[in-house]
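Working through the structure, step by step
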Amino acid sequence: MAYQEKQLQEISRKFQIYGEILHAETLKIGHINETYTATYDQGGTRVRYIHQKINRNVFKNPAAVMKNVMRVTTHIRKKQEARYLRNATRRSLVVIPTRDGKSFYENGDHEVWRTFVFVEGVETYEAVQSPEQAFQAGRAFGEFQHLLVDLPGERLFETIPFFHHTRRRFSALQQAIDQDHYNRAKDAKTEIDFALKHEPIVDVILDAMAKGRIPERVTHNDTKFNNVMLDVLTGEAMCIVDLDTVMPGCALYDFGDMVRTTTSPTLEDEPDLSKVKMQMPMFKKLSDGYLSTASQFLTKAEKSHIAFSGKLITFEIGVRFLTDFLSGDTYFRIHRPAHNLDRCRTQFKLVESIERQEEAMQRYVDRR
Ligand code: GN1
Ligand code: MG
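Note that the structure is predicted; figures quoted are calculated from it, not measured. (Residues numbered from 1 in each chain as written. Chains lettered and ligands numbered in written order. Predicted model: local features only at pLDDT ≥ 70, side-chain atom pairs only at ≥ 80, totals over all residues. Heavy atoms only, no water.)

On to the layout of surface pockets. Taken as a whole, the largest pocket encloses approximately 810 Å³ of empty space. Taken together, 43 residues make up the lining of the largest pocket; nearest its centre are Ile29, Gly30, Asn227, Val241 and Asp242. Listing elements by their share of the lining of the largest pocket, those giving two or more residues are β3 (45-54), β6 (112-117), β7 (122-123), α8 (251-262) and α11 (306-326). For the lining of the largest pocket, the per-class residue count stands at 22 nonpolar, eleven polar and ten charged. Both domains that meet at the lining of the largest pocket, namely domain 1 (2-120) and domain 2 (131-366), each give it at least three residues. (1 Å grid on protein atoms, 1.4 Å probe; cavity = no way out; pocket = protein on both sides within 12 Å on 5 of 7 lines; lining within 4 Å. Points joined across faces, edges and corners; volume = space filled by probe spheres on them. Helix = DSSP H or I, 4+ residues; strand = E, 2+ residues; numbered from the N terminus. Nonpolar A, V, L, I, M, F, W, Y, C, P; charged D, E, K, R; others polar. Domains from an automatic or database assignment.)

This part is about unusual backbone geometry. One non-glycine residue with positive phi stands out, namely Asn221, at about 75 degrees. Tracing the sequence through the fold places Asn221 in the loop between β8 (217-219) and β9 (228-231). A residue is classified by how much of its surface remains accessible, and Asn221, at 4% relative accessible area, is buried. One non-glycine residue, Asp329, lies in positive phi territory at about 55 degrees. As for its placement among the helices and strands, Asp329 is situated in the loop between α11 and α12 (339-366). Under the relative-accessibility criterion, Asp329 is labelled buried at 17%. (Buried < 20%, exposed > 50% of the residue type's maximum accessible area, 1.4 Å probe, protein only.)

Here the magnesium ion (ligand 2) is held by Asp222 (OD) and Asp242 (OD), and the distances to it run 1.8 to 1.9 Å. Pair noted here: Asp222 is in the loop between β8 and β9 and Asp242 is in the loop between β10 (237-240) and β11 (247-249), with a separation of 20 residues, a long-range link. For Asp242, a relative accessible area of 27% translates into the label partly exposed. (Donors = N, O, S within 2.8 Å, 3.2 Å for Na, K, Ca; no water.)

It is worth spelling out the environment of Tyr364 at this point. Take Tyr364: it is sitting in helix α12. Between the C-alpha atoms of Tyr364 and Leu151, which are 213 residues apart in sequence, the distance is 31 Å.

With that settled, the discussion passes to the sheet that holds β7. Read across the sheet, three strands follow the order β7-β9-β10 without closing on themselves; strand pairing throughout is antiparallel. Sheet topology places β7 and β10 at the edges, where each strand pairs with a single neighbour. Strand direction decides the pairing type here: β7 and β9, joined by two bridges, are antiparallel. The residue of β9 that forms the bridge with Glu123 is Leu230. (Pairing = 2+ DSSP bridges.)

Here we come to the packing of aromatic side chains. For any pair of aromatic rings, the description rests on two quantities: the centre-to-centre distance and the angle between the ring planes. A full pass over the atoms with the stated rule returns eight aromatic pairs. Ring pairs connect the aromatic residues Phe194, Phe315 and Phe348, which therefore count as one cluster. Here Arg168 stacks its cationic end above the ring of Phe162, 3.6 Å away from the centre of that ring. (Phe/Tyr/Trp six-rings, centres within 6.5 Å; stacked < 30°, edge-to-face > 60°. Lys NZ or Arg CZ within 6 Å of the ring centre and 35° of its normal.)

The next subject is the domain arrangement of the protein. Taken as a whole, the protein is organised into domain 1 (2-120) and domain 2 (131-366). Between the C-alpha centres of domain 1 and domain 2 there is a distance of 26 Å. Contacts between domain 1 and domain 2 engage 30 residues on the former and 34 residues on the latter. Summed over both partners, the interface of domain 1 with domain 2 buries about 2900 Å², with 56% contributed by carbon and sulfur atoms. Of all residues in domain 1, His31, Asn68 and Arg71 give up the largest surface area on contact with domain 2, accounting jointly for 24% of the area buried on that side. Where domain 1 touches domain 2, the interface holds six salt bridges. Across the salt bridge formed by Asp244 and Arg114, the nearest N and O atoms sit 2.8 Å from each other. If you look at where domain 1 meets domain 2, you find 19 residue pairs in polar contact (both at pLDDT 80 or more). Those elements giving two or more residues to the side of domain 1 that touches domain 2 turn out to be α2 (62-83) and α3 (88-91). The greatest single-element share of the side of domain 1 that touches domain 2, amounting to 13 residues, is contributed by α2. Tallied by class, the residues present in the side of domain 1 that touches domain 2 amount to twelve nonpolar, ten polar and eight charged. (Contact = heavy atoms within 4.5 Å. Buried area = accessible area lost by both parts, 1.4 Å probe. Salt bridge = Lys/Arg side-chain N within 4 Å of Asp/Glu carboxyl O. Polar contact = N/O pair within 3.5 Å; in protein donor to acceptor, adjacent residues only side chain to side chain.)

Scanning the model with the defined rule gives 27 salt bridges in all. Arg336 is the partner of Asp269 in a salt bridge, and the nearest nitrogen-oxygen pair spans 3.8 Å. Taken together, the residues Asp269 in the loop between α8 and α9 (280-294) and Arg336 in the loop between α11 and α12 connect sequence positions 67 residues apart. For Asp269, a relative accessible area of 17% puts it in the buried group. Residue classification places Arg336 among the partly exposed residues on the basis of a relative accessible area of 30%. Residues joined by salt bridges that share partners form a network here, namely Glu34, Lys53 and Glu111.

Next up on the list: empty space enclosed by the protein. What the rule picks out here adds up to three cavities of 30 Å³ or more. Its boundaries defined by the atoms lining it, the largest cavity holds a volume of some 150 Å³. Every residue lining the largest cavity is counted, 18 residues in all, and those nearest its centre are Gln80, Arg91, Glu143, Met238 and Ile240. Breaking the lining of the largest cavity down by element, the ones donating at least two residues are α2, α4 (131-147) and β10. At five residues, the largest contribution of residues to the lining of the largest cavity is made by α4. In terms of residue class, the lining of the largest cavity is made up of eleven nonpolar, three polar and four charged. Two domains each donate at least three residues to the lining of the largest cavity, and these are domain 1 (2-120) and domain 2 (131-366).

Below is the structure:
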């Protein structure tokens, strides 16, 4: 703890923050990066910032990540400033530059740090509390995609290549099963069977994209519900965070991950599987919200895969958790033994629940 504090003192001096750090706390959100909320005294007022250490195991080219983040946040802010009169620094992340004008700081240990304005008066949830929250998440991510439709300049850098390439994710699982380095396949028989049986869904979107039926877009790629900050007073979605995987992708991957994280009342690692289910009222509001901002640019082919995408992405993330479990938990941070297996089970239970309701879900979207 003391080490962290000392380290944060050092980090804090590298950024253009005009104040002194008072204290900092770990923010326990996310499985990848290390995040701290730091409070500063600035001219007698307390001001907060986010300091974050980028996981270099996952993000091999942090400079390119930050270049993407700068392009995306600058573009969004410019458009939002024209649209809304107030709250510009609550509606899009603001990167605080280093004292020498860079978007990140790399220390002697090759750690890469960046700093954001802390958005006050918002809250995030791991699980959705009401259909209205699902609507807000859908609307916000649809707006996010819409704001980036006209991002100028070259194609964004692929910060994690083949991130939602479901065929490659499936092959990685097959390989982990074959190798079974940790002799854990025996503990995951049911889940392995479930995954292998679902191979037919793996190529559906990839094929449609390869044939040009579904376009590539700038997408967020990690549209977990806890990446939407909701205003504490009004409940309005204010700010989308976690921009490290904003890159070329498919709009449906974003929608699918929203289905995964907003339609079940449970956490991602809920051990009591009887509680895990796709709730239709949540899906209705989620898709209403999403289409209120996204239907203006989505094609027919995209819209016709809306329900399917929920199943596919929930399956994909389940496959990733299972792969990590079999490979010794090297990717997702875990907090208990077999945590990744629990996470996988929850995802697969949700896939089953979506399967039972998939037609009704798609019918609801088609009626618009
Ligand atoms: C990771 O870091 P976090 O928790 O936002 C992962 C996502 C997964 C998610 C599952 C870069 O997101 O792809 O869907 O865990 N991010 C990366 O909870 O792999
Ligand atoms: Mg993330």
